[in-house]
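Chain residues, written in single-letter form:
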Amino acid sequence: MDEKKTAQLKKLETESAELMKQIRNENDIEKKKKLIVKREKIERKAVALRNNRKISRETKKDLIAYSFIAPNFIGFAVFTLIPIVFAFALAFLEWDGNNAVKFVGVDNFVRLTDDTFFLAALKNTLVYVVGTVPLTMIASLALAIVLNQKVKFRGVFRTVAFFPYVASLVAITAVWKMIFHPSKGPINAFLYYVMNVPNEELPQWFSGNLVMITLILFSVWKYMGYYMVIYLAGLQGISAELYEAGGLDGANTWQKFKYITWPQLRSTTFFVVVMLTINCFKVYDIAVMLAGGGDGQLSTSATVLVYYIYEKAFKTWELGYSSAIAMVLFVLVLVITLIQFQYEKKLSE
Amino acid sequence: MNNKEKKFRSQKRNALIGKICIYAILIIITALFLVPFLWMLSASFKTDREVFAIPMQWIPDNPRWENYVEIWTKIPLLTFVKNTVILTIVVTLLQLLTSSFAAYSFSKLQFKHKNLLFLAYIATIAMPWQVYMVPQFIMMRSMGLNDKLLAMICLQAFSAFGVFMMKQFYDGIPSELCEAARIDGMSEYKIYAKIMLPLSKPSLSTLTIFTFVNTWNDYLGPLIYLRSEEKKTIQLGLKMFIGQYSSEYGLIMAGSVLSLIPVIIMFLCLQKYFVEGVAATGLKG
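Residues numbered from 1 in each chain as written. Chains lettered and ligands numbered in written order. Predicted model: local features only at pLDDT ≥ 70, side-chain atom pairs only at ≥ 80, totals over all residues.

(A) Geometry of the overall build of chain B. A tally of regular secondary structure across chain B gives 15 helices and zero strands. Against the compact-globule benchmark of 19 Å for 285 residues, chain B has a radius of gyration of 25 Å, which places it well outside the compact range. Taken along its principal axes, the extent of the C-alpha atoms in chain B is 85 × 70 × 35 Å. Per-residue burial for chain B yields a buried fraction of 44% across its 285 residues. In chain B, once contacts between residues fewer than 6 apart in sequence are set aside, the share between residues at least 24 apart is 79%. (Helix = DSSP H or I, 4+ residues; strand = E, 2+ residues; numbered from the N terminus. Rg over C-alpha atoms; globule rule 2.2 N^0.38 Å. Buried ≥ 20, exposed ≤ 12 C-beta atoms within 10 Å, placed from the backbone. Contact = placed C-beta atoms within 7 Å.)

(B) Quick peek at the interface of chain B and chain A. The partner chain A presents 78 residues to the 75 residues of chain B that form the contact. Among the elements that line the side of chain B that touches chain A, the one with the most residues is helix α1 (residues 2-43) of chain B, at 13 residues. Split by residue class, the side of chain B that touches chain A holds 56 nonpolar, 15 polar and four charged. (Nonpolar A, V, L, I, M, F, W, Y, C, P; charged D, E, K, R; others polar.)

(C) Molecular detail of the packing of helix α5 (residues 116-147) of chain A against helix α12 (residues 266-281) of chain A. Residue and element names in this part refer to chain A. Packing of α5 against α12 brings their axes to within 9 Å, and their N-to-C directions diverge by 145°. Judged by the sense of rotation from one axis to the other, the crossing of α5 with α12 is right-handed. Within the contact between the two elements, α5 uses Thr125, Tyr128, Val129, Thr132, Val133, Thr136 and Met137 and α12 uses Val272, Val273, Leu276, Thr277, Cys280 and Phe281. Residues of the contact of α5 with α12, tallied by class, amount to nine nonpolar, four polar and no charged. (Axes fitted to C-alpha atoms, helices over the stretch in contact; angles between N-to-C directions. Left-handed = near helix turned anticlockwise from the far one by under 90°.)

(D) Molecular detail of the environment of Met266 of chain B. Residue and element names in this part refer to chain B. Summarising the element assignment, Met266 is placed in helix α14 (residues 249-270). Take Met266: there are 18 C-beta atoms within 10 Å of it, and that puts it in the partly exposed class. Once the C-alpha coordinates of Met266 and Gly277 are considered, the two residues, 11 residues apart in sequence, prove to be 16 Å apart.

(E) The arrangement of the nonpolar core in detail. Residues and elements named next belong to chain A. Residues Leu215, Val229, Ala287, Tyr307 and Ile325 are the most contacted members of the largest nonpolar core, which totals 163 residues. No other element matches helix α9 (residues 210-236), which puts 17 residues into this core. Once residues lying within four places of it in the same chain are set aside, the contact partners of Ile325 are Leu112, Phe118, Leu305, Tyr308, Ile309 and Lys312. (Core = buried A, V, L, I, M, F, W, Y, C linked by C-beta atoms within 7 Å.)

Structure representation (C-alpha cells):
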C-alpha cells in the first residue's frame, strides 16, 4: 500500500515537473494559462496524497454541494426531465400504451389540422388567454394599489382578497354554479323579478356563447388575489422619495401612477403577465367544473386544449395523438413567452 | 391669506372624498370576494328547497345541522380526508426540505456544472405539466405506481418552482454570513441548519402556502392516478358526490365548507409572513 503510494506520488511529481518545463517554453499566453491550470490540478492531487487524503479538497467541496441538491434533483430528473424527453418522442408515434409502438412521423400533426374538436379547443383556449390575462392583470394591479394605501383593516382586506385563490375549485365552482343557476339561481332570479327579463331571455351562463365569458370572469375573480400579492410586493419596492419628489413637482394622482408607479413596476408586470399566460394556457379544471356535464364532458363551445389531451390519452388511449396536442400547447406557450422576453428586453434598452 | 386657507380646505375636502371612494371600492370588492363563501355557508345549513327560496334568508330559521352529519355517511368522506391529509403533509414536508436544501447549494456553494443544473430547473418552470403528464403516467404505471398515493407524492414533491423560489430568497441573504461561519469551522450542513433555515421563515411560509394549497386542491393529478374509491382525495370525492347527487344542494355545500376549512386555517396561520415572503423571494421578478 505504502509502496504504491510512493510510486503514485513520484509519477505525479515527474508530471508536474514536465509541465513546468513546458510552461517555461510556451510563448502563447492562452496555452500557458491552460498548462498552469493543469499543473495546479496535479499539484493538488499530490498534496492530497501526501496528506493521506483519498479525495482532493475540490472534489470534496463538489460532493458536499451535490449532496444538498441530490434529494430534490433525483426526484426532479426522474419524474420531470425524463417524461419531458419522452413527450417529444411520443408525438411522432402511434401507441395505445400496451401494444407495439409505430413510428408515424408528422402524421399526428397533419391529422390535427382538420380535427374540428381540436380547432375548437385551440380557439377557446386562445380566447380564454386573451380575455383573462389583461383583465386579471388590471384588476390585480388596481386592487394592489388600493390596498397599498394607508387604510384601516388593510390586513383583513388583503386576506379576504386571497380567499378565492386558496379555496378549492370543486367547492367554489359548486357555489358559482348555484348562484348562476339558469333557472333557480339568485342572479337570474334577480334579473327575472327585479329587472323583468323574460324567462326565455335569461342568460344561460354555462353554455353557448356566454360560457367563455363566465369562465374568464370566474378566473379573474379566483386568481386576482394571487397576482395582487405579487404586485403588492412590487409596490413596496418603490421608494417613497419618488412620490414625494413627484408631489413637489405638482403631479396629480394619475400622473404619479403614469410616470412613477407604472414604469417602476415594469419588471413586476412582466413577471405577472408571463406567469398569467403560462397558467391560462393550462386551463382545464375550471372549464370541466363550470361547463362540464355530470360526467365532466365538455362540448365544443367550452372545450380547451388540456381537456382534449386528457380525453385522447386516458379515454381513447391515443397516446401519440394526445402528445401531438401537448406539443402544440408547449410550442404556443414557448413562443409567447419568448416574444414577451424579447419585448421586455427591447423596453429595457 | 384667505385664498390660502380656501385652498387648504379644498385640499382637505378632496382628501376626504378620496378616502371615502377608496373605502367604498374596498367594501364592494370585499363583498364580491366574500359573498360566494357566505352563500355557501348559509346554504350548507338549508334543505334543498330552501337553498333557492325567494326571498333568500342568509340565516335560516331552523338551521339543518344534519347536513354536516349526513355528508359523512353518503360518501366515504373520512377516507377521502385521510388520503388528502397524508398526501398534503408528506408533499409539503418533502417540498420544503428538498427545495431549501438544493437552493442552499445553488445560492451559496460553488461547484462543477452548477449553471447547467440550475438551467434544467429554470427551463421546466415555463413548461406546463400538462405537456408531459401522459408520458409521466406511462412511466409511473410501468413502475407499478398506478393507483397509489405514492405516485402523487413523487409527482408533486420535487417541483422546480420550489427550488427557484428558495434560491431567490437565499440570494438575498449576504454570503458573508456563511463565510464567517465557515471560518469558524462550521460544516455546510450546520450552516444550512443553524443559520439559513432560521432566517427563511417568510419564504418557507410562502412555499408552504403554495404547496399546501396546490396539493390539497389538485384535481387533474389525482383524477389521472387515483382510480379506486379508497384512494381518492377530497376533491375527487366531492366531485363524485356532485355528479351522483347533483340536486342535494345543501349537502354539496356542507361538503364544500368542510373541504375548505383546512386550507383556510393553514392560510390564516401563515399569512402574516406572506407578503413579506413574496417580496423577499423576488417572485415579483
